[in-house]
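# Topology and contacts: notes
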Amino acid sequence: MAIQKTEKIWHNGRFIPWDDATVHVMSHVVNYGSSVFEGIRCYSLPSGPAIFRAPEHMQRLIDSARIYRIDVDFSRDQLVRGMVDLVKANGVWPCYIRPIILRGYGEVGVNPLNSPVEVYICNYPWGKYLGADSSEGVDVCVSSWTRLAPNTLPAMAKAGANYMNSQLIKMEAVLNGYSEGIALDVSGYVSEGSGENLFVVRNGILHTAPLANSVLAGITRDSVLQIARDVGINIVEQQIPRESLYIADEVFFTGTAAEVTPIRSVDKISVGTGTVGPITRAIQQEFYSIVRGEKPDRYSWLTPVPVSSKQPVGV
Ligand SMILES: Cc1ncc(COP(=O)(O)O)c(C=O)c1O
């Protein structure tokens, strides 16, 4: 899916034209993958555009940078402000927002500490990630690739380099005719998709892997856990054996890109009846009704973007 570019990009606190946001081929990030980033949705509500869990995303960005000893000259609130200003300035929503912090052009060599830190925020129109009809279910496989092992590349940091592993998972799945792959962790327990957290429902109980199974601390995962707690669904956060996927009543992905995407089959074994199950449906409906502004934002998840026209101009 090609990016539909917007006019401006936020760079180190000021706007630059989209086409000027370039990096040198000898920059640290190009050679050694030294970047941390976020992916955030800005939804279109009847009241105007609103960014989903803006402070939580910017906090995770700062946390990812901290793990990699990247000093960021901007506070969480300044980054949130930058993102709001950008959506307003480009006037494009609903959209995807991509903040990225990278080690730029400085010294050559693995030691990153003398390369300059550059902070960018971009936004562009974006639709469904796993296909237009993905809210009715996708077919997935268990990947032959293992998720990042503990104490190798930290899975809790959303770092560009982690996505080399995600690319292997995704390519294998797509080339074999699946929408997505589920990776197991180094011990063989269910971890997550290439860019999504995973939930399994069995006998009315919602299961998800804890962070120690090499999963990203997904913000949609956290939102789904909040909704589930609120509507009285029992939650178990513990290791999930691979075979649970084959005997589950329901399985679904969560993520900024995937939102709440039901899984119809795993390795060609149908999940439950092969249709969207009642717990997935209930969570999906609650999630979408909040982010679309059909229900009150009772968790304060949405940061409004003040715009003069209330007309969505994205996708
Ligand atoms: C590897 C991985 N796991 C999980 C997620 C879901 O996280 P979130 O809900 O914060 O988008 C993502 C997406 O960012 C991801 O890339």
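Anything mentioned here points back to the structure above.
Let me sum up the structure you'll find in this document. Given the structure is predicted, the values throughout are model-derived calculations rather than measurements.

What counts as what
- Residues numbered from 1 in each chain as written.
- Predicted model: local features only at pLDDT ≥ 70, side-chain atom pairs only at ≥ 80, totals over all residues.
- Heavy atoms only, no water.
- Helix = DSSP H or I, 4+ residues; strand = E, 2+ residues; numbered from the N terminus.
- Rg over C-alpha atoms; globule rule 2.2 N^0.38 Å.
- Buried < 20%, exposed > 50% of the residue type's maximum accessible area, 1.4 Å probe, protein only.
- Contact = heavy atoms within 4.5 Å.
- Lys, Arg positive; Asp, Glu negative; His and termini not counted.
- Charge placed at Lys NZ, Arg CZ, Asp CG, Glu CD.
- Near = heavy atom within 4 Å.
- Polar contact = N/O pair within 3.5 Å; in protein donor to acceptor, adjacent residues only side chain to side chain.
- Areas by Shrake-Rupley, 256 points an atom, 1.4 Å probe, with all protein chains shown as cover.
- Nonpolar A, V, L, I, M, F, W, Y, C, P; charged D, E, K, R; others polar.
- Phe/Tyr/Trp six-rings, centres within 6.5 Å; stacked < 30°, edge-to-face > 60°.
- Core = buried A, V, L, I, M, F, W, Y, C linked by side-chain atoms within 4.5 Å.
- Expected span 1.5 Å × (residues − 1).
- Arc of directions from axis to C-beta.
- Salt bridge = Lys/Arg side-chain N within 4 Å of Asp/Glu carboxyl O.
- Patch = residues over 30% accessible without salt bridge, like charges linked within 9 Å, V, L, I, M, F, W, Y side chains within 5 Å.
- Pairing = 2+ DSSP bridges.

Secondary structure summary: the protein contains seven helices and 17 strands in total. Computed over the C-alpha atoms, the radius of gyration of the protein is 19 Å, within 12% of the 20 Å expected from 2.2 N^0.38 for a compact globule of 315 residues. Based on the C-alpha atoms only, the size of the protein along its principal axes is roughly 55 × 50 × 30 Å. Across the 315 residues that make up the protein, the buried fraction comes to 50%. In the protein, the share of contacts with a sequence separation of at least 24, taken over all contacts with a separation of at least 6, comes to 71%. Between the mean site of the 28 positive side-chain charges and the mean site of the 31 negative ones, the protein shows a separation of 2 Å.

Attention now goes to the site of the ligand. The ligand sits among 16 residues. The nearest are Y163, E192, I219, T220 and T256. Contact between the ligand and R60: an oxygen atom at 2.8 Å from a side-chain N or O atom of the residue. Between the ligand and K158 there is a distance of 2.7 Å, counted from an oxygen atom to a side-chain nitrogen or oxygen. Contact with the protein chains covers 96% of the free accessible surface of the ligand, which is 380 Å². For the shell around the ligand, the secondary-structure elements that each account for two or more residues are α5 (219-230) and β14 (250-255). In terms of residue class, the shell around the ligand is built from three nonpolar, eight polar and five charged.

Before going further, it helps to examine the packing of aromatic side chains. Enumeration over the complete set of coordinates arrives at 10 aromatic pairs. Considering the side-chain rings of W10 and F74, the 5.1 Å spacing of their centres and the 65° angle between planes classify their relative orientation as edge-to-face. Taken as a pair, W10 in strand β1 (residues 8-11) and F74 in the loop between α2 (54-67) and α3 (76-90) lie far apart in primary sequence, 64 residues in all. Neither W10 nor F74 differs from the other in exposure class; each is buried. Here the aromatic cluster, defined as three or more aromatic residues joined through ring pairs, consists of Y43, F52, F287, Y288, Y299 and W301.

Once that is clear, we can look at the nonpolar core. Residues C42, I51, M83 and I97 are the most contacted members of the largest nonpolar core, which totals 26 residues. Every element with two or more residues in this core is listed here: β4 (40-45), α2, α3, β6 (95-103) and β7 (117-125). No other element matches the six residues that α3 contributes to this core. Excluding residues that lie within four positions of it along the chain, I51 makes contacts with I40, R41, C42, M83, V84, V87, I97, W301, L302, T303 and V305. Counting 24 residues, the second-largest nonpolar core is a separate cluster that includes A50, F52, L225 and F287.

Here the focus is the side chain of S27. Mapping S27 onto the fold places it in the loop between β2 (14-17) and α1 (28-32). When neighbours within four sequence positions are excluded, S27 is seen to be in contact with R103, G104 and Y105.

Before going further, it helps to spend a moment on α2. Its 14 residues place the ends of α2 20 Å apart at the C-alpha level, agreeing with the 20 Å of an ideal helix rising 1.5 Å per residue. Of all the residues in α2, the buried ones are A54, H57, M58, R60, L61, S64 and A65. Projected onto a plane normal to the axis of α2, the buried residues spread over an arc of 155° and lie on a single side. Residue R69 follows α2 closely and has a positive phi angle near 55°.

With that out of the way, let us pick up the side chain of K158. Here K158 is to be found in the loop between β8 (138-146) and α4 (162-175). Nearest to the buried, unbridged K158 among oppositely charged side chains is E38, at 5.8 Å. Side-chain polar atoms of K158 contact the side chain of Y163, separated by 2.8 Å.

Before going further, it helps to spend a moment on a nonpolar patch on the surface. On the surface, V23, V25, M26, V30, Y32, Y105, V108 and V110 cluster together to form a nonpolar patch covering roughly 780 Å² of accessible area. Note that M26 resides in the loop between β2 and α1. Look at M26 and you get partly exposed, because its relative accessible area is 33%.

Now for the pairing of β14. Along β14, six of the six residues are buried, which leaves the element largely enclosed by surrounding structure. Of the two faces of β14, both are covered, the one formed by E250, F252 and T254 as well as the one formed by V251, F253 and G255. Where strand β11 (residues 197-202) and β14 come together, five bridges link them in antiparallel fashion. From the neighbouring strand, N197 faces β14, where its bridge partner is T254. The pairing of β14 with strand β15 (residues 259-266) spans four bridges and is antiparallel. Residue pairing across strands places F252 opposite P262, the latter belonging to β15. Hairpin geometry of β14 and β15 is characterised by an intervening segment of three residues between the two adjacent antiparallel strands.

Moving on to the pattern of salt bridges. Scanning the entire structure with this criterion turns up 17 salt bridges. In this structure, E286 and K295 form a salt bridge, with 2.8 Å as the shortest nitrogen-oxygen distance. For E286, a relative accessible area of 12% gives the class buried. Classification of K295 as partly exposed rests on a relative accessible area of 35%.

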